[in-house]
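# A closer look at the structure
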Amino acid sequence: MAAMEPAITPAAGVAARPGKYLTFTLGDESYGITVLVVREIIRLCPITPVANMPAHVKGVINLRGKVIPVVDLRARFGLPRRVDDDRTCVIVTELPGSGGLMRLHGVIVDRVDEVAAFGAADIEPTPDFGGAIDVRFITGMAKSADRVTALVDLASIAAAEMPAGDAPPSSR
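Keep in mind that this is a model prediction, so the values were computed, not measured.

For the protein, the helix and strand inventory stands at two helices and eleven strands. Of the regular secondary structure in the protein, the N- to C-terminal order runs β-β-β-β-β-α-β-β-β-β-β-β-α. Per-residue burial for the protein yields a buried fraction of 41% across its 172 residues. Of the contacts made within the protein by residues no fewer than 6 positions apart, 54% connect residues no fewer than 24 positions apart. Accessible surface computed for the protein: about 9,600 Å², of which carbon and sulfur atoms make up 55%.

Once that is clear, we can look at the packing of aromatic side chains. By the definition in use, this model includes three aromatic pairs. Seen in terms of ring centroids, Phe24 and Tyr31 are 5.9 Å apart; in terms of plane orientation they differ by 20 degrees. Their pairing is stacked. Of the residues examined, Phe24 reaches a relative accessible area of 0% and is grouped as buried. Seen in terms of ring centroids, Tyr31 and Phe77 are 5.3 Å apart; in terms of plane orientation they differ by 35 degrees. Their pairing is tilted. Residue Tyr31 is found in strand β2 (residues 29–34), and its partner Phe77 is found in the loop between α1 (73–76) and β6 (89–96); the two are separated by 46 residues along the sequence. Given the relative accessible area of 24%, Phe77 is considered partly exposed. Site record: aromatic cluster; members linked through ring pairs are Phe24, Tyr31 and Phe77.

Whether parallel or antiparallel, the strands of a sheet pair through hydrogen bonds between backbone atoms. With respect to topology, five strands assemble into an open sheet ordered β3-β6-β7-β5-β4, the strand pairing being mixed. The strands lining the two open edges of the sheet, one partner per strand, are β3 (38–43) and β4 (57–63). Direction aside, the axes of adjacent strands within the sheet are offset by 30 degrees on average. When β6 meets strand β7 (residues 102–109), the two strands line up antiparallel, connected through eight bridges.

Counting 23 residues, the largest nonpolar core has Phe24, Ile33, Leu73, Ile91, Val109 and Leu154 as the members making the most contacts within it. Among the elements of the structure, β1 (19–26), β2, β6, β7, β10 (138–143), β11 (148–152) and α2 (154–160) are those that each provide at least two residues to this core. Element by element, the count of residues in this core is highest for α2, at four residues. In this structure, Leu154 is in contact with Ile33, Leu73, Thr93, Leu95 and Val107, ignoring residues within four places of it in sequence. If you look at the next biggest cluster of nonpolar residues, it comprises nine residues, including Ile68, Val70, Val90 and Val92.

Model confidence for the protein is summarised by a mean pLDDT of 84, while 81% of its residues fall at 70 or above. Counted against residues more than four places away or in other chains, residues 1–12, with its pLDDT under 50, gives 23 contacts.

About the criteria used
Residues numbered from 1 in each chain as written. Predicted model: local features only at pLDDT ≥ 70, side-chain atom pairs only at ≥ 80, totals over all residues. Heavy atoms only, no water. Helix = DSSP H or I, 4+ residues; strand = E, 2+ residues; numbered from the N terminus. Buried < 20%, exposed > 50% of the residue type's maximum accessible area, 1.4 Å probe, protein only. Contact = heavy atoms within 4.5 Å. Areas by Shrake-Rupley, 256 points an atom, 1.4 Å probe, with all protein chains shown as cover. Phe/Tyr/Trp six-rings, centres within 6.5 Å; stacked < 30°, edge-to-face > 60°. Pairing = 2+ DSSP bridges. Axes fitted to C-alpha atoms, helices over the stretch in contact; angles between N-to-C directions. Core = buried A, V, L, I, M, F, W, Y, C linked by side-chain atoms within 4.5 Å. pLDDT = per-residue confidence, 0-100.

In structure tokens:
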């Protein structure tokens, strides 16, 4: 990969950049997040519900003494529920929180696939779906030989959950 490849600018919002992405599956769809925010991947564990949270915020987990909020990406993206299995896992990420501090967040995914390297030629801007679907968290589409992977900005998802004024800058 070249040292300073330019960002691919989507129609609006954050641009996906060439680099390494952790790819995962929700249903039959492939998604990717930059490996720079991934702290670890753990098995699905008991989640403690928290009152008055949106349906996609499943609650919190205790990970080695740290309380971490957990979001179900399938629910966040409006995908149908499915029964969790032995491949369902939590990707623990480190994202900017309020006050610029880094915070741990967990996201539930159906399956983690691989770490893939996408160059500038592999990434295209998010297509214009004519407003039919919400693409504000998708920063670009990465092409590989056998599939197209939607690149997701988890910082934007986390910021959307915060009260106005507390939202951190997006991870660019």
